[in-house]
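Descriptive structure summary
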Amino acid sequence: MIVDCAIYRHGHRTEGPEDLSDALAEARAEGGFVWIGLYEPSEREFDLVTREFALHPLAVEDALNAHQRPKLEVYEDSLFMVLKPVVYDAASDTVSAGEIMVFIGDCFVVTVRHGEISPLAAVRHRLEEEPEMLDKGPTAVLYAISDAVVDHYLEVATELGTDLEELEAEVFRPEGGGSRGTASRIYGFKRQILEFRRATGPLALPLTRLAGTGPLGASVPFVHDKARPFFRDVGDHLMRVNESVEGLDRLVSDILSAHLAQMSVRQNDDMRKISAWAAMAAVPTMIAGIYGMNFDHMPELHWLWSYPAVVLVMAALEVLLYRMFKHRDWL
């Protein structure tokens, strides 16, 4: 479905004709551009946009099917870019990603959104309040969307770092590090970081090309030369995000290793305690077993003090074993 459609002339929004062909012709004639926003369009709904703006069929297929990696594709009449905005729900420790597909040409912008996560409405509103930037044309829209998505990455990385610090404190807390749910939470956290990395990592190359710093940067059409420094700034922010993600991934791996080591140490302590108590129980069991064999010729069976002596010997051995194990921190 079409969420919004407008013609922008000299940085200001104007209502144009409803027919897309007329709107495109009017924008070209007056030096403006058309910006159409769509939300999860069907193939039939997108067919009209495809014909009017001569969009490449491969890019159209990607835009309709979604589930794409962040990328930048250059076609003869348009530029196609995929971005994945993300949000982090601290209550459930969950990273969720949406998808934004952006087509830009000489005088048009087509944005396709999949999922509920999207900064497009806020970006359009902000650009309409900055006519000087909006006057730069479709390049300004692509920059503003990229900047909004990457800036939110920074916020998500900060929130993940805060929750990871809390998880680290929980693991190293004596009464909390050994709980059964800790390991599953660590694995879940690692999974969310992986989901975050899928959105941020592949975006580095497209921004490098848009900034003109990559091997193919100079050949990217529909991007004004004066906009390249702005894309370099977005690329710098993305680099900070990717470095943070790498740090978070290493830290959560270290926390998992520390947790497993703690569990192993606790199991060893438990085994030593069990072994110590078993050894202490074995001494009286052995003595009682010897005197329970009921042989006729056993020297101590007919002594007057046999029973008290045996009990005393067992008690003395138990005390000796207890003190020895206690001294070695087995108990």
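With an unreviewed UniProt entry as reference, the protein is termed Magnesium transport protein CorA, source organism Streptomyces fodineus. Regarding the protein, the relevant UniProt record gives this comment under Sequence similarities (unreviewed entry): "Belongs to the CorA metal ion transporter (MIT) (TC 1.A.35) family." Listed in UniProt under the heading Catalytic activity (unreviewed entry), the comment for the protein reads: "Mg(2+)(in) = Mg(2+)(out)".

Regarding the overall build of the protein
Within the protein, the secondary structure is distributed over ten helices and nine strands. For the protein, whose C-alpha radius of gyration is 35 Å, the value lies well above the compact-globule estimate of 20 Å for 331 residues. Dimensions of the protein, computed from C-alpha atoms along their principal axes, come out at roughly 125 × 40 × 35 Å. Within the span of the protein, comprising 331 residues, buried residues form 43% of the whole. Considering only residue pairs separated by 6 or more positions, the protein has 65% of its internal contacts joining residues 24 or more positions apart. Element-wise, carbon and sulfur atoms account for 57% of the exposed surface of the protein, whose accessible area totals about 18,000 Å².

Some remarks on the pairing of strand β4 (residues 71-74)
As judged from the four bridges shared by β4 and strand β5 (residues 79-83), these two strands associate in the antiparallel manner. If you follow Lys71 over to β5, its bridge partner there is Val82. In this antiparallel pair of consecutive strands, β4 and β5, the connection spans four residues.

Overview of the UniProt feature "transmembrane region" (unreviewed entry) in the protein
In this structure's numbering, the residues bearing the UniProt feature "transmembrane region" (unreviewed entry) are residues 274-293 and 305-325. End C-alpha to end C-alpha, residues 274-293 measures 28 Å, and it is 85% helix and 0% strand. Taken end to end, residues 305-325 has its terminal C-alpha atoms 30 Å apart, with 95% of it in helix and 0% in strand.

Some words on the packing of helix α2 (residues 43-53) against helix α3 (residues 57-65)
One way to put it is that α2 packs onto α3 with a least axis distance of 11 Å and a crossing angle of 145 degrees. Crossing angle aside, the handedness with which α2 passes α3 is right-handed. Judged by residue contacts, Glu43, Phe46 and Thr50 of α2 engage Val60, Ala63 and Leu64 from α3.

Quick notes on helix α4 (residues 120-128)
Among the residues of α4, those classed as buried are Leu120, Val123, Arg124 and Leu127. Summarising the axial view, the buried residues of α4 lie within an arc of 95 degrees, below the 170-degree limit, and thus occupy one face. Of the residues in α4, the exposed ones pointing more than 90 degrees away from the buried face are Ala121 and Ala122.

Considerations on the side chain of Lys84
You can see Lys84 is positioned in the loop between β5 and β6 (86-89). Here Lys84 falls in the buried class, since its relative accessible area comes to 13%.

A closer look at the state of the cysteines
One pass over the full model with this rule turns up zero disulfides. In this model Cys5 remains outside any disulfide bridge; the closest cysteine sulfur is found in Cys107, 13 Å from its own. The class of Cys107 is buried, set by a relative accessible area of 3%.

A look at the layout of surface pockets
Of the voids in this model, the largest pocket is the one considered here, and its volume is about 260 Å³. Met133, Lys136, Thr139, Ala140, Tyr143, His224, Lys226, Ala227 and Phe230 together form the lining of the largest pocket. It is helix α6 (residues 138-171) that provides the largest number of residues to the lining of the largest pocket, a total of three residues. Residue composition of the lining of the largest pocket, by class: five nonpolar, two polar and two charged.

What counts as what
Residues numbered from 1 in each chain as written. Predicted model: local features only at pLDDT ≥ 70, side-chain atom pairs only at ≥ 80, totals over all residues. Heavy atoms only, no water. UniProt positions renumbered as here; feature names shortened; annotations may be inferred. Helix = DSSP H or I, 4+ residues; strand = E, 2+ residues; numbered from the N terminus. Rg over C-alpha atoms; globule rule 2.2 N^0.38 Å. Buried < 20%, exposed > 50% of the residue type's maximum accessible area, 1.4 Å probe, protein only. Contact = heavy atoms within 4.5 Å. Areas by Shrake-Rupley, 256 points an atom, 1.4 Å probe, with all protein chains shown as cover. Pairing = 2+ DSSP bridges. Axes fitted to C-alpha atoms, helices over the stretch in contact; angles between N-to-C directions. Left-handed = near helix turned anticlockwise from the far one by under 90°. Arc of directions from axis to C-beta. Disulfide = S-S within 2.5 Å. 1 Å grid on protein atoms, 1.4 Å probe; cavity = no way out; pocket = protein on both sides within 12 Å on 5 of 7 lines; lining within 4 Å. Points joined across faces, edges and corners; volume = space filled by probe spheres on them. Nonpolar A, V, L, I, M, F, W, Y, C, P; charged D, E, K, R; others polar.

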